[in-house]
Amino acid sequence: MNVSIRSTSLCALAVALSLALLACKPLDKDTGKPVDGSGEDKAAPAVAAKGGVVQVPFGSAFIDPASAADTQAHFRAINDFNRHNAELKAQGKPALDRAQFDKDWEAAHPPRQSTLAQVLDQIDYGVQLIGIDHVGIGSDFDGVGGELAEGLRTVADFPNLVAGLQARGYDDAGIGKILGGNLLRTWARIEAGAVPQD
């Protein structure tokens, strides 16, 4: 089970429920805190302690603090928009157009560019924090609206990731673990413990 978790408390809950594969929010390599500044991340070490794997995302909002702040601001703005529309409806007034809201937001907040180096920094930090046997990749190719690290936008760009890992001193065995070996090992462990449901 690969679960995308965006809050430390939910990561902790997932660990308590023994979910072994998590794509948690990435950590700032300088502070050790999630890029949104929400506090120290204890979920990744807890996942590793259970033999699990933390998947490093490629999406800009997960690897770049400014993009993360933009995403959080967007969610707050959507909530405010929805609340205002509910008030309008309660007053018998017409609702504001959500498509226009989205268009205006995008014009005022163009996507920020993130880099392959930022993804590699996340991998390095994860390896330092929890060990190479507990780090994997979670591409986000289908879930972030194309807002991905430059040079790592499709699976065809994986040679760039491999070259980046090699340039940072990872050997073939370590790269194999990160690119899927750890995931497959953990998945096999989950399958072995699964109880068939009727």
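Residues numbered from 1 in each chain as written. Predicted model: local features only at pLDDT ≥ 70, side-chain atom pairs only at ≥ 80, totals over all residues. Heavy atoms only, no water.

A. Region of the structure containing the overall build of the protein chain. When helices and strands are tallied, the protein chain shows eight helices and four strands. Reading the secondary structure of the protein chain in the N-to-C direction produces β-α-β-α-β-α-α-α-α-β-α-α. A burial count over the protein chain gives 38% of its 198 residues as buried. Across the protein chain, contacts joining residues at least 24 apart in sequence account for 68% of those joining residues at least 6 apart. Summed over all atoms, the accessible surface of the protein chain reaches about 10900 Å², with 57% contributed by carbon and sulfur. (Helix = DSSP H or I, 4+ residues; strand = E, 2+ residues; numbered from the N terminus. Buried < 20%, exposed > 50% of the residue type's maximum accessible area, 1.4 Å probe, protein only. Contact = heavy atoms within 4.5 Å. Areas by Shrake-Rupley, 256 points an atom, 1.4 Å probe, with all protein chains shown as cover.)

B. Quick peek at the nonpolar core. If you look at the biggest cluster of nonpolar residues, it comprises 26 residues, and the most contacted ones within it are Phe 58, Val 119, Ile 123, Leu 152, Leu 161 and Leu 165. Contributing elements (two or more residues each) for this core: α2 (43-49), β3 (53-57), α3 (60-63), α6 (116-130), β4 (135-138), α7 (158-167) and α8 (172-193). It is α6 that contributes the most residues to this core, six residues altogether. Those residues within four positions of Ile 123 in sequence are excluded, and the remaining contacts are Val 56, Val 135, Ile 137, Leu 161, Leu 165, Tyr 170 and Ile 178. Grouped together as the second largest cluster of nonpolar side chains are five residues, Ala 77, Ile 78, Phe 81 and Trp 105 included. (Core = buried A, V, L, I, M, F, W, Y, C linked by side-chain atoms within 4.5 Å.)

C. Looking closely at the side chain of Asp 124. With respect to the helices and strands, the residue Asp 124 is situated in helix α6. Of the polar contacts made by the side chain of Asp 124, one reaches the side chain of Arg 168; its length is 2.5 Å. Of the polar contacts made by the side chain of Asp 124, one reaches the side chain of Tyr 170; its length is 2.6 Å. Leaving out residues up to four positions away in the same chain, Asp 124 has contacts with Arg 168 and Tyr 170. (Polar contact = N/O pair within 3.5 Å; in protein donor to acceptor, adjacent residues only side chain to side chain.)

D. A look at the environment of Arg 189. Here Arg 189 is to be found in helix α8. Residue classification places Arg 189 among the partly exposed positions, given a relative accessible area of 43%. At 2.9 Å, the side chain of Arg 189 and the backbone oxygen of Lys 50 are in polar contact.

E. Representation of the pattern of salt bridges. A complete count under the given rule lists seven salt bridges for this structure. Note that Arg 83 and Asp 80 form a salt bridge whose closest N and O atoms lie 2.7 Å from each other. A residue pair is termed a helical-turn pair when its members lie 3 or 4 positions apart in one helix, as Arg 83 and Asp 80 do in helix α4 (residues 65-90) at three residues. Taking the relative accessible area as the measure of exposure, Asp 80 reaches 44% and is therefore partly exposed. Here Glu 150 makes a salt bridge to Arg 153, at a shortest N to O gap of 2.7 Å. Owing to a relative accessible area of 28%, Arg 153 belongs among the partly exposed residues under this scheme. (Salt bridge = Lys/Arg side-chain N within 4 Å of Asp/Glu carboxyl O.)

F. Quick look at the packing of α7 against α8. Contact geometry for α7 and α8: axes closest at 10 Å, N-to-C directions at 135°. As the angle between them shows, α7 and α8 are arranged oblique. Seen from above, α7 lies across α8 with right-handed handedness. Touching Leu 161, Val 162, Leu 165 and Gln 166 of α7 are Asp 172, Ile 175, Ile 178 and Leu 179, all from α8. Its residues assigned to classes, the contact of α7 with α8 comprises six nonpolar, one polar and one charged. (Axes fitted to C-alpha atoms, helices over the stretch in contact; angles between N-to-C directions. Parallel < 35°, antiparallel > 145°, perpendicular 65-115°, else oblique. Left-handed = near helix turned anticlockwise from the far one by under 90°. Nonpolar A, V, L, I, M, F, W, Y, C, P; charged D, E, K, R; others polar.)

G. Main features of α6. When the terminal C-alpha atoms of α6 are compared, their 21 Å separation across 15 residues agrees well with the 21 Å that a helix rising 1.5 Å per residue should span. With eleven of its 15 residues buried, α6 lies for the most part within the structure. Looking only at α6, the buried set comprises Leu 116, Gln 118, Val 119, Leu 120, Gln 122, Ile 123, Asp 124, Tyr 125, Gly 126, Val 127 and Ile 130. In this structure, the buried side of α6 is in contact with α2, β3, α3, β4, α7 and α8. Gly 131 lies just past α6 and shows a positive phi near 95°. (Expected span 1.5 Å × (residues − 1).)

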